[in-house]
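# Structural overview
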Amino acid sequence: MPNSSLPIIDISLSEGSQDAQKKKIAADIDNAARQYGFFYLTGYQIPEHLIAECFQAATKFFDLPTDEKNKIAIENSQCHRGWYAIGGEVLDPVHQQEGDIKEGLKIGNDLPLTHPLVTNGTPLHGPNQWPEISSETMPAMDSTLWKKTMLTTYDYFCETGLEVMRYFAMALNLETDYFDHWLTRPDSEPMATLSPIRYPALNQAETALSAGAHTDFGCLTLLAQDNNEGLEIAIPDGTWLSVPPIENTLIVNIGDMLAFWSGGKYRSTLHKVNNRSGRTRQSLAFFYDPAYNTPLINLTDGLSNSSETANETKTALDHLLQKIGDSFSYQKNR
Ligand SMILES: O=C(O)CCC(=O)C(=O)O
Ligand SMILES: [Fe+2]
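The following refers to the structure shown. (Residues numbered from 1 in each chain as written. Chains lettered and ligands numbered in written order. Predicted model: local features only at pLDDT ≥ 70, side-chain atom pairs only at ≥ 80, totals over all residues. Heavy atoms only, no water.)

### As for the packing of helix H1 (residues 18–35) against helix H5 (residues 143–171)
The description of two helices packed together rests on the angle between their axes and the distance between the axes. Test applied: Helix axes are fitted to C-alpha atoms over the stretch in contact, other axes to C-alpha atoms as well, and angles between N-to-C directions run from 0 to 180 degrees. Counting from the N terminus, the helices are the DSSP runs of H or I reaching at least four residues and the strands are the DSSP runs of E reaching at least two. Note on angle classes: values under 35 degrees are labelled roughly parallel, values over 145 roughly antiparallel, values of 65 to 115 roughly perpendicular, and the remainder oblique. Residue contacts are defined here by distance: any two heavy atoms, one from each residue, within 4.5 Å place the two residues in contact. When residues are sorted by character, Ala, Val, Leu, Ile, Met, Phe, Trp, Tyr, Cys and Pro go into the nonpolar class, Asp, Glu, Lys and Arg into the charged class, and all the rest, Gly among them, into the polar class.
At a minimum axis separation of 8 Å, H1 and H5 run at an interaxial angle of 85 degrees. On the basis of the axis angle, H1 is roughly perpendicular to H5. Residues Lys 22, Lys 23, Ile 25, Ala 26, Ile 29, Asp 30 and Ala 33 of H1 form the contact with H5, whose own contacting residues are Val 164, Tyr 167, Phe 168, Met 170 and Ala 171. Among the residues forming the contact of H1 with H5, the class breakdown is 9 nonpolar, no polar and 3 charged.

Okay, structure coming up:
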């Protein structure tokens, strides 16, 4: 499998003209998003020790007995939060004979049951399910610290996601803060999700995939990988390229919504996971998704905006519900 030569884009700013630096970053992001829909990101504000702690917390959860994990099974949640077992998600339902060989957690915007979007029954909005983590097996981590680690990581990912979205706004010739009101309070409650994932090693004879070929549903995905390869992306000629982990970088990829807003200028690239590393692989995927009522309109074409009536425009929630409904079997039995 050829390795990708995806660009590594550094968003740290040095002394001197920040305007010029930001323009260069926006141009680099624009190029990568058109060409690959994927790039490596460095120079972000998320502390590396926090990412490491989040990986450890995820390992600690995944190592619990199934009975314990089942206490926060995603099937119990009204808003698609909690744990799903191996096979619980099928990212390529048209082609896969069986579900993805992975287990994972969905941790989202932790809204109380009293929040208006929860009391009015807006799908995908509500509280997370939190596991019982005993400090016995690893004294440094108990339930409180586990939750704090996940929520802190979530907040940092939101900040980095917003920072990257501001470069996309610049690249699309929109006001720099154009996307902010779809992604931040008080205007919006973003539907962002932190998803720790664990992929058992596949043996050579196995035909199943760790994650079937798919595009991501939302706006942006930020991904931290451990040091095991497995992620592969399709380039336009149909070749699959490996995207190996690089220390102190995140992968950023464009989801369906940003591809849509860009009028197809940016690629929501097909990718899959194939863990042939011989070891268990873990990742932290952060799906940065906007407010439920965000319209999926072409922002590069003023005419198409005005010709669409509010009723005809698909929203971020419509798209997520459709995609989640297609890929999680428990949703079909509801
Ligand atoms: O774990 C990875 O490397 C990628 C996961 C992914 O593409 C997804 O869950 O959408
Ligand atoms: Fe993905």
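### Here's the deal with the sheet that holds strand S12 (residues 281–288)
Convention followed: At least two DSSP bridges between two strands are required for those strands to pair.
One open sheet holds the 8 strands; their spatial order is S1-S2-S10-S7-S12-S5-S4-S3, and the pairing between them is mixed. The strands lining the two open edges of the sheet, one partner per strand, are strand S1 (8–10) and strand S3 (82–84). Averaged over all pairs of adjacent strands, the angle between their axes in this sheet comes to 25 degrees, without regard to strand direction. Relative to the sheet, H1 contacts S1, strand S2 (38–42) and strand S10 (250–254), its axis offset from that of S1 by approximately 155 degrees.

### Observations concerning unusual backbone geometry
Note that the residue after Arg 185, namely Pro 186, is joined by a cis bond; omega there is 0 degrees. Structurally, Pro 186 is set in the loop between helix H6 (180–183) and strand S5 (193–199). Phi at His 80 is positive, roughly 65 degrees, even though this residue is not glycine. By the secondary structure assignment, His 80 is in the loop between helix H3 (66–70) and S3. Although it is not a glycine, Asn 173 adopts a positive phi angle of roughly 60 degrees. Assignment of secondary structure puts Asn 173 in the loop between H5 and H6.

### Quick word on helix H9 (residues 316–327)
The criterion, for reference: Multiply 1.5 Å by the residue count of a helix minus one, and that product is the helix's expected span. Residue exposure (1.4 Å probe, protein chains only): buried if accessible area is under 20% of the type maximum, exposed if over 50%, otherwise partly exposed.
Taking 1.5 Å as the rise per residue, H9 with 12 residues should run 16 Å; its terminal C-alpha atoms sit 17 Å apart, in good agreement. Those residues of H9 not exposed but buried are Ala 316, Leu 317, His 319, Leu 320, Ile 324, Gly 325 and Ser 327. On its buried face, H9 sits against helix H7 (256–261) and helix H10 (329–332).

### What about empty space enclosed by the protein?
Selection criterion: In this analysis, the protein atoms alone were mapped onto a 1 Å grid. Cavities are point sets where a 1.4 Å probe fits without being able to get out; pockets are open sets with protein on both sides within 12 Å along at least five of seven lines; lining residues have an atom within 4 Å of a point. Grid points are joined across faces, edges and corners, and a volume is the space filled by probe spheres set on the points.
Tallied over the entire structure, the rule returns 1 cavity of 30 Å³ or more. One number sums up the size of the largest cavity: a volume of about 530 Å³. The set of elements that each furnish at least two residues to the lining of the largest cavity consists of S5, strand S6 (211–214), strand S7 (220–225), strand S11 (271–273), S12 and H9. Split into classes, the residues belonging to the lining of the largest cavity amount to 21 nonpolar, 11 polar and 8 charged.

### Notes on the site of ligand 1
What counts is decided by this rule: Nearness here has a simple test: a residue counts as near a molecule or strand if at least one of its heavy atoms is within 4 Å of that partner. N or O atoms closer than or at 3.5 Å make up a polar contact, with two conditions inside protein: a donor-capable atom paired with an acceptor-capable one, and, for residues adjacent in sequence, both atoms drawn from side chains. To measure how exposed things are, a 1.4 Å probe is used in the Shrake-Rupley method; for residues, cover is taken only from the protein chains shown. In this scheme, a molecule is assigned to a cavity or pocket if more than half of its atoms are within 2 Å of the grid points.
Every residue close to ligand 1 is listed here: Ile 197, Tyr 199, His 214, Asp 216, Leu 223, Leu 231, His 271, Val 273, Arg 281, Ser 283 and Phe 287. Tyr 199 places a polar side-chain atom, nitrogen or oxygen, 2.6 Å from an oxygen atom of ligand 1. Across the complex, the protein chains shield 96% of the 290 Å² of accessible surface that ligand 1 would expose by itself. Judged by the proximity of its atoms to the pocket grid, ligand 1 belongs to the largest cavity. Looking at the shell around ligand 1, the elements with two or more residues in it are S5, S11 and S12. Ranked by the residues each element gives to the shell around ligand 1, the list is headed by S12, at 3 residues. The residue makeup of the shell around ligand 1, split by class, is 6 nonpolar, 3 polar and 2 charged.

### Section: the nonpolar core
As a reminder, the rule being used: Working definition of a nonpolar core: buried Ala, Val, Leu, Ile, Met, Phe, Trp, Tyr and Cys residues. They are joined through side-chain atoms within 4.5 Å.
With 91 residues, the main nonpolar core has Met 165, Phe 168, Phe 179, Leu 258 and Trp 261 as its most contacted residues. Top contributing element to this core by residue count: H5, with 12 residues. In contact with Trp 261, other than residues within four places in its own chain, are Met 165, Phe 179, Trp 182, Cys 219, Pro 290, Thr 294, Pro 295, Leu 296, Ile 297, Asn 298, Leu 299 and Thr 300.

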